[in-house]
Amino acid sequence: MTALLAIENIHAAYGLSRVLFGISLEVETGECVCLLGRNGVGKTTTMRSVMGLLRPTSGRVLWKGADIAGWSPHRVARAGIGFVPEDRRIFAELSVWENLDIAARAARRRGRWDIDAVYELFPALRELRNRQGGFLSGGEQQMLTIARTLMGNPELLLLDEPSEGLAPLVVETLLEKTRELKAQGVTILLAEQGVDFSLALADRVYVLEKGSIRHSGPAAELRNDSALRDRLLAL
Amino acid sequence: MAASFLFSQVMGGLTTAMFLFLIASGLSLVFGIMRVINFAHGSFYMLGAYLAWQGVQWLHPTGAGFWLATLFAAVTVGVLGAIIERVFFRSLYGREELYQLLFTYALVLILGDAAKFLWGVEQLSVSTPPILSGGIEIFGTTQPLYTLFIIAIGPAIAIAGSLVLSRTGIGRLVRAAQMDREMLDALGANVGAIYTGMFVFASFLAGLSGALVTPIQSIVPGMDVLIIVQAFIVVVIGGMGSFWGTFWGSVIYGEVLSFGILIFPGFSLFSVFALMAVILIVRPWGLFGRPL
């Protein structure tokens, strides 16, 4: 059976500075896979390469077996990949409801996620629906950016550093919501620096270092073996 | 000064203002959303005027075909806008302003020469459509119906435009494209198509105003450059990218020009440039714009 997403040996660069040196990974339907690693090891670049926001210099990105490397971002999104960027990128001058509405219009993918479904997952957003995106707290923005991507009914959710810059209590809520998403069958590729957050969610992990994969294996292995964890992720 | 005289001046100013609004709104929209300064926007206006004249000649030289000719001119300019955006502007987005300036200026020269080649350098004129050729008495003055029609069409387009931007799905997508093009693309919207649509709409408005101006002004080479300078002043006064700013900027421009003639006869343009200079010093982002 072909994997939902398979990245095969991609290299990528921003101008002359090379960032990815042959990344390969796979995500199966229903899985939560985590890319772990410090800042600057290539987690975001990997996601941007999948999304079409950066064209890999070589290698293939296979979505359900078809090579989508070099596709434009909107084509990738319409094929069923949803991107939640690290810096959230809420449309600051649009209201919460408008942010959600345009996402549904943009992706043109109907499914189980509509405005009521995302309000049910994040009840706070229903209360804030008329507030401008720019006036939300960090945690509220993070919920909105996930909800916004869900409005496109993606089959795979790319979650880039969702816990970054959030207070511990907010991270806890976010963890719960993400678990709920996973329980509902959303396939997730997560990028994280936070070991606790990622290991609490992930089925499998890839540890990145300097643009290559240093280690890959079940998340349970890292959860249970603190020596291995320290060796791979000593910060 | 008699009240009727003042009224006439106000109406004259408003007529100038509404033509400028139709042109400057497209200029401001294209800049506000795509961050491209299109010097050739005035050339689209000029082409609209020539095409309307051509349409009238083909249909009915007495002027009965005016409305159809106007539609023909505006649509043709819109189609031309689509081609120019798809083929050339694509590679200008995100580039330095210098490239945009050079390219759009080249377009001004090419389209200006093309118009001379096709229609010559003689003044051309179009007669007022019969249905609007009369006038009505207001405050002891006779206002041509055509002028009143122009003064009505400006606010109508302004209100319709701002409602579309604020209340419809298309409008929300356009505003989102203005805020973060890449994010909107990653959400699945074909931002390139949105850009093309906006450019076509702006070109259509320029062509429309060029066609509508023909019963009032004669069509001459050089009208493209004259109008683009005025449109830029309007946009600077009102604020780049602000829709209502462009509207009020046009009204201010029209009235200052209209009354400036009374105060400084022979230096009427001076008053407008002076106003722009003051605004650039006090509020460089324009009356309704926001600091960049």
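Just so you know, these numbers come straight off a predicted model, no measurement behind them. Within each chain, residues carry numbers counting from 1 in the order of the written sequence. Written order decides the labels, with chains lettered from A and ligands numbered from 1. It should be noted that, the model being predicted, local features are given only for residues of pLDDT at least 70 and side-chain atom pairs only at 80 or more, the latter also being counted only at that level, while totals for whole chains, interfaces and linings use all residues.

### Points about the overall build of chain B
Piece 1. The numbering of helices and of strands both runs from the N terminus, where a helix is a DSSP run of H or I of at least 4 residues and a strand a run of E of at least 2. Counting secondary structure elements, chain B contains 11 helices and two strands.
Piece 2. Reported as C-alpha extents along the three principal axes, the dimensions of chain B are approximately 60 × 50 × 35 Å.

### Comments concerning the packing of helix α3 (residues 66-87) of chain B against helix α8 (residues 191-213) of chain B
All names here are of chain B.
Piece 1. Helix axes are fitted to C-alpha atoms over the stretch in contact, other axes to C-alpha atoms as well, and angles between N-to-C directions run from 0 to 180 degrees. Contact pair α3 / α8: the axes reach a minimum separation of 7 Å and the direction vectors enclose 145°. Of the two possible hands of crossing, α3 and α8 adopt the one that is right-handed.
Piece 2. Polar here means any residue outside two lists: the nonpolar Ala, Val, Leu, Ile, Met, Phe, Trp, Tyr, Cys and Pro, and the charged Asp, Glu, Lys and Arg; Gly therefore counts as polar. Tallied by class, residues from the contact of α3 with α8 come to 15 nonpolar, eight polar and two charged. Handedness of a crossing is defined here by the sense of rotation of the near helix relative to the far one, left-handed for an anticlockwise turn of less than a right angle and right-handed for a clockwise turn.

### So, the interface of chain B and chain A
Piece 1. Contact definition: two residues whose C-beta atoms, as placed from backbone geometry, lie within 7 Å. At the junction of the two partners, chain B supplies 16 residues and chain A supplies 21 residues.
Piece 2. Counting residues per element, the ones that place at least two in the side of chain B that touches chain A are α6 (169-179) and α7 (181-186) of chain B.
Piece 3. With six residues, α6(B) is the largest single contributor of residues to the side of chain B that touches chain A.

### A short note on the confidence of the model for chain B
Residue and element names in this part refer to chain B.
Piece 1. For chain B, mean pLDDT is 88; residues scoring 70 or higher make up 98% of the total.
Piece 2. Across chain B, element-level confidence peaks in α7 with a mean pLDDT of 95 and bottoms out in strand β1 (residues 135-138) with 82.
Piece 3. As scored by the predictor, the complex reaches a pTM of 0.88 and an ipTM of 0.93. Along the chain, pLDDT gives the predictor's confidence residue by residue, from 0 to 100.

### As for the environment of Ile233(B)
Piece 1. Note on placement: Ile233(B) falls in helix α9 (residues 223-238).
Piece 2. Expressed as a C-alpha distance, the spacing of Ile233(B) and Gly161(B), which sit 72 residues apart in the sequence, is 21 Å.

### Some points on the pairing of strand β2 (residues 17-27) of chain A
Residues and elements named next belong to chain A.
Piece 1. Both strand β1 (residues 5-14) and β2 contribute to a ladder of eight bridges, which runs antiparallel. Bridging from a neighbouring strand, Ala 13 pairs with Arg 18 of β2.
Piece 2. Only strands that DSSP links by at least two bridges are regarded as paired with each other. Hairpin connection of β1 to β2: two residues between the antiparallel strands, including Gly 15 at a positive phi of 60°.

### Observations regarding the sheet that holds strand β8 (residues 187-192) of chain A
All names here are of chain A.
Piece 1. If you trace the six strands from one edge of the open sheet to the other, you get β6-β7-β8-β3-β9-β10, paired in mixed fashion. For this open sheet the edge positions go to β6 (81-84) and β10 (212-218), each flanked by a neighbour on one side alone. Across the sheet, the mean angle from the axis of one strand to that of its neighbour is 15°, orientation sign disregarded.
Piece 2. Sheet topology note: the strand β3 (residues 32-36)/β8 ladder contains five bridges and is parallel. Looking at the pairing, Cys 32 lines up with Ile 188 of β8.
Piece 3. Seen against the sheet, helix α6 (residues 138-150) touches β6 and β7 (156-160) and runs at an angle of roughly 165° to β6.

### Concerning the pairing of β3(A)
Regular strands have side chains that alternate between both faces of the sheet.
All names here are of chain A.
Piece 1. Of all five residues making up β3, five are buried, and the element is well covered by its neighbours.
Piece 2. Exposure in this text rests on C-beta crowding, where 20 or more other C-beta atoms within 10 Å of a residue's own make it buried, 12 or fewer make it exposed, and counts in between make it partly exposed. The C-beta atoms are placed from the backbone. Covered by surrounding structure in β3 are Cys 32, Cys 34 and Leu 36 together with Val 33 and Leu 35, the residues of both alternating faces.
Piece 3. Bridge count for β3 against strand β9 (residues 204-209) is four bridges, and the pairing is parallel. Within β9, the residue paired with Leu 36 across the bridge is Val 207.

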